[in-house]
Amino acid sequence: MSRLFGLDRLPGIATVLGYQRQWLRADVTAGLVLTALLIPAGMGYAEAAGLPAYAGLYATIVPLLTYAVVGPSRILVLGPDSSLAPLIAAAVVPLAAAGDVEGRLAFAGVLGVLVGLILVIAGFLRLGFFTDLLSKPIRLGYLNAIALIVVIGQLPKLLGVSVDASGVLEEFADTVRALFAGEADPVAAGLGAGAIAVIVTFRRWWPAVPGVLVAVVAAIVLSAALGLTDEIGMVGALPEGLPPPSIGGVGWDDVTHLIGPAAGIALIAFADTGVLSRTFAARHGHDVNGSTEMKAIGAANIAGGLFGGFPVSASGSRTPVAEQNGAHTQLAGVVGALAVLAFVLVAPGVTAYLPDSALAAVVIVAATALVDVRGMIRLRRMSGVEFGLAAAAFLGVVFVGVLQGILVAIGLSFAAVVVRAWQPYRTELVATDDPYGYHDVERHPDGRRIPGLVIVRFDAPLFFANGEMLDGYVRQLVARAPTPVEWVVVAAEPITGLDTTAVDELVDLDHYLASKGVRLVFAEMKGPIKDRFARYEVGERFDATRFYPTLDAAVADFRAHDHPPERGAS
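Given the structure is predicted, the values throughout are model-derived calculations rather than measurements. (Residues numbered from 1 in each chain as written. Predicted model: local features only at pLDDT ≥ 70, side-chain atom pairs only at ≥ 80, totals over all residues. Heavy atoms only, no water.)

Turning to the overall build of the chain, a few remarks are in order. Per the secondary structure count, the chain includes 21 helices and 8 strands. Looking at the chain as a whole, 50% of its 570 residues are labelled buried. Carbon and sulfur atoms make up 61% of the accessible area of the chain, which totals about 26500 Å². (Helix = DSSP H or I, 4+ residues; strand = E, 2+ residues; numbered from the N terminus. Buried < 20%, exposed > 50% of the residue type's maximum accessible area, 1.4 Å probe, protein only. Areas by Shrake-Rupley, 256 points an atom, 1.4 Å probe, with all protein chains shown as cover.)

Put into structure tokens, the structure is as follows:
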């Protein structure tokens, strides 16, 4: 029946058809262990996104079940994520009236649907290459900035203080001011600090035990035993039953305002998911198609957005937990989702005893895992330009805004590419015996120049911004050559692009050299670039006699025109 309707093409159905009994115990165990992280992490990231904590559970259950059917990765765990939380908050909080929780949920649901639609459409159009815009420096700066934003945003809850600030620095300043003014609640702060200590201790000394679960359960027990529900802020009991569709009451103007943030969130969500998916698939010898992955993440976001959730992506903290506990297939995620669902239906009142400060501690510890100071230092040693891009992404996200900062960093990346292409490496080549051939004179100062011949290499595509640079460089080499120049050979293998402006520059250079009695030829030029010469209607000037398959062939032809070999040549 599944083959009749083509259902066997769905990754989840294909897994069921090929499921092996010996996987069952490990998948169930991994799913139950995973639940210990899914509940507190989902609730914590929901609050970091400016939404009620219970929305994080709905954003966990539905996407996990959806991805289990349509997702190509066997052990990838989806859910709320710290890297998306500030983006979601920046998009939905300004649209809802102060204190309008239902409004925020509706906007977050629409945002999830929009993110999903963008990803599904992009998947069908095979636009996964757009994630290449998020280079390593941008991701590094972005993640460090996200960690800072999340930590600062959770500090007031951790300390039990109330602040009313619009920016990261203002929020941090108000929190510090409240702390020094003695406004911090010692009970809330003590529980929050204790939760951090428990999580870090278990992570360091007993990593097999989920410290997050221990900290959350301990905080619930203490607050219930000591009667703290009226003394400090609590997460509150979950709504009873399952969530109804939550996107009602949102107008088209609101949808228009959410499209831009949705595009940015979709880009980040797939970039994170794509990296994790490929990494874990490679570890287990599986293949993951990027376009299929994009469509699956999109479907999961649509489903989550329709049922009380918000945008999600793959989790870099929960996926390794599933793997480490022996997960073989998507069943581990299904078990985790069903366990969370059971918690929502059976024990919704438990979270009434969960302190806000303990949940803030969970988020803060998770966010600090994004901090990579060593990576920034290493990047600074390797490349000043790329470190500058990472710093720009960091500062842009912190001071300008998450999405705006990313766009600024992407723009700077394009600018860096243009600058590198605009001022590429160029050099004169000289003859050497060890190694044999024609090599960079800067690296082989003992190499020999062939009398009457100049060999030039230009390491970039030729386009409007650098064509004149090649022209000027060749003229400079010809002018300062120790002997009169008769031929100029351009070692053209590194030239991978050519536009009309650059062709005009080459024509001008050829006219200039011809007036000096110098012949301009090209060696090792790629076929597609030679084809462009023909399309640009300069084939009569640069005919077949101007192109040589190798440098050796060009030099040999130069010598054949009554030019004896240089002294000492082998």
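It is worth spelling out the packing of helix H5 (residues 101-124) against helix H11 (residues 290-306) at this point. Between H5 and H11, the least distance of the axes is 7 Å, while the angle of their chain directions is 160 degrees. As summarised for this structure, H5 and H11 are arranged roughly antiparallel, according to the angle between their axes. Here the hand of the crossing between H5 and H11 comes out left-handed. Where H5 abuts H11, its residues Gly109, Gly112, Val113, Val115, Gly116, Leu117, Leu119, Val120, Ala122, Gly123 and Phe124 lie against Ser291, Met294, Lys295, Ile297, Gly298, Ala299, Asn301, Ile302, Gly305 and Leu306. Considering only residue class, the contact of H5 with H11 consists of 12 nonpolar, 8 polar and 1 charged. (Axes fitted to C-alpha atoms, helices over the stretch in contact; angles between N-to-C directions. Parallel < 35°, antiparallel > 145°, perpendicular 65-115°, else oblique. Left-handed = near helix turned anticlockwise from the far one by under 90°. Contact = heavy atoms within 4.5 Å. Nonpolar A, V, L, I, M, F, W, Y, C, P; charged D, E, K, R; others polar.)

Right, let's talk about the pattern of salt bridges for a bit. Under the counting rule described, the total for this entry stands at 7 salt bridges. Of the charged contacts in the structure, one is a salt bridge between Glu428 and Arg449, with a shortest N-O distance of 3.0 Å. Here Glu428, found in strand S3 (residues 426-433), pairs with Arg449, found in the loop between strand S4 (436-440) and strand S5 (453-458); they are 21 residues apart in sequence, far enough to count as distant. A salt bridge links Asp471 to Arg475, with the nearest nitrogen and oxygen atoms 2.5 Å apart. (Salt bridge = Lys/Arg side-chain N within 4 Å of Asp/Glu carboxyl O.)

Let us look at a positive patch on the surface. On the surface, a cluster of positive charge is made up of Lys136, Arg139, Arg378 and Arg381. Judged by relative accessible area, Arg139 falls into the partly exposed class, the value being 33%. (Patch = residues over 30% accessible without salt bridge, like charges linked within 9 Å, V, L, I, M, F, W, Y side chains within 5 Å. Lys, Arg positive; Asp, Glu negative; His and termini not counted. Charge placed at Lys NZ, Arg CZ, Asp CG, Glu CD.)

Within the sequence span of helix H21 (residues 551-560), burial applies to Leu551, Ala554, Val555 and Phe558. Take H21 and look down its axis: the buried residues cluster within an arc of 95 degrees, on one side only. Among the structural elements, S3, S4, S5, strand S6 (487-491), strand S7 (519-523) and strand S8 (547-548) are those in contact with the buried residues of H21. (Arc of directions from axis to C-beta.)

With that settled, the discussion passes to the pairing of S4. For a regular strand, the rule is simple: side chains alternate between the two faces of the sheet. Bridge count between S3 and S4: 5 bridges; the pairing is antiparallel. Looking at the pairing, Leu429 lines up with Asp440 of S4. The antiparallel hairpin formed by S3 and S4 contains 2 residues in its connecting segment. (Pairing = 2+ DSSP bridges.)

Looking at the chain, pLDDT values average 83 and 90% of them are 70 or higher. Scored below 50 in pLDDT, residues 1-7 shows 6 contacts in the model against residues more than four places distant or in partner chains. Scored below 50 in pLDDT, residues 564-570 shows 12 contacts in the model against residues more than four places distant or in partner chains. (pLDDT = per-residue confidence, 0-100.)

Per the counting criterion, the structure on display carries 8 aromatic pairs. Taking 5.5 Å as the distance between ring centres and 85 degrees as the angle between the ring planes, the aromatic pair formed by Tyr19 and Trp23 counts as edge-to-face. Summarising the aromatic geometry, the rings of Phe522 and Phe542 are spaced 5.8 Å apart at their centres and angled 65 degrees between planes, so their arrangement reads as edge-to-face. Remark: Phe542 occurs in the loop between helix H20 (527-535) and S8 and Phe522 occurs in strand S7; sequence separation between them is 20 residues. Joined through ring pairs, the aromatic side chains of Trp487, Tyr548 and Phe558 make up one cluster. Above the plane of the ring of Trp487 lies Arg519, whose end atom (NZ or CZ) is 5.7 Å from the centre. (Phe/Tyr/Trp six-rings, centres within 6.5 Å; stacked < 30°, edge-to-face > 60°. Lys NZ or Arg CZ within 6 Å of the ring centre and 35° of its normal.)

Ordered by their spatial adjacency, 6 strands build an open sheet running S4-S3-S5-S6-S7-S8, and the pairing between neighbours is mixed. Every other strand in the sheet has two partners, leaving S4 and S8 as the edge strands with one partner each. Helix H19 (residues 500-515) rests against S6 and S7 of the sheet, and its axis sits at about 135 degrees to S7.

Between helix H3 (residues 53-70) and helix H13 (residues 331-346), whose axes approach to 9 Å, the crossing angle comes to 150 degrees. Between H3 and H13 lies a crossing whose hand is left-handed. For the pair H3 and H13, contact is made by Leu57, Tyr58, Ile61, Leu64, Leu65 and Ala68 and by Gly333, Val334, Ala337, Leu338, Val340, Leu341, Phe343 and Val344, respectively.

When you tally the buried positions in helix H4 (residues 85-92), you get 7 out of 8 residues, the bulk of the element. Those residues of H4 lying buried are Ala85, Pro86, Leu87, Ile88, Ala89, Ala91 and Val92.

To continue, consider a nonpolar patch on the surface. Together, Leu169, Leu395, Phe399 and Val400 make up an exposed nonpolar region whose accessible area comes to about 400 Å². A total of 3 residues in the nonpolar patch trace back to one element, the largest contributor, which is helix H16 (residues 384-400).

The next thing to look at is the environment of Pro40. Mapped onto the elements of the fold, Pro40 is located in helix H2 (residues 24-48). According to the relative accessible area criterion, Pro40 is buried, its value standing at 5%. Those residues in contact with Pro40 that sit more than four places away from it in its chain are Thr35, Val212, Val216, Leu359 and Val362.

Within the largest apolar cluster, 103 residues are counted, with the highest numbers of intra-cluster contacts made by Met43 and Ile88. With 11 residues, helix H6 (residues 136-159) is the single largest residue contributor to this core. Not counting residues up to four positions away in its chain, the partners in contact with Met43 are Ala53, Gly56, Leu57, Val235, Leu238, Thr351, Leu354 and Leu359. (Core = buried A, V, L, I, M, F, W, Y, C linked by side-chain atoms within 4.5 Å.)

Mapping Asp356 onto the fold places it in helix H14 (residues 356-368). The side chain of Asp356 is buried and forms no salt bridge, while Lys157, the nearest opposite charge, is found at 5.8 Å.

Note on placement: Ala296 falls in helix H11. Ala296 sits in the buried class, given a relative accessible area of 2%. Residue contacts for Ala296: discarding those within four places in its chain leaves Tyr67, Val70, Gly71 and Pro72.

Most of S7 sits out of view: 4 of its 5 residues are buried. In terms of strand pairing, S6 meets S7 through 5 bridges, oriented parallel. Within S7, the residue paired with Val490 across the bridge is Phe522. Once you follow S6 into H19 and on to S7, the crossover reads as right-handed. Sheet topology note: the S7/S8 ladder contains 2 bridges and is parallel. Of the residues in S8, the one forming a bridge with Ala523 is Tyr548. (Right-handed = clockwise from strand over helix to strand, strands pointing away.)

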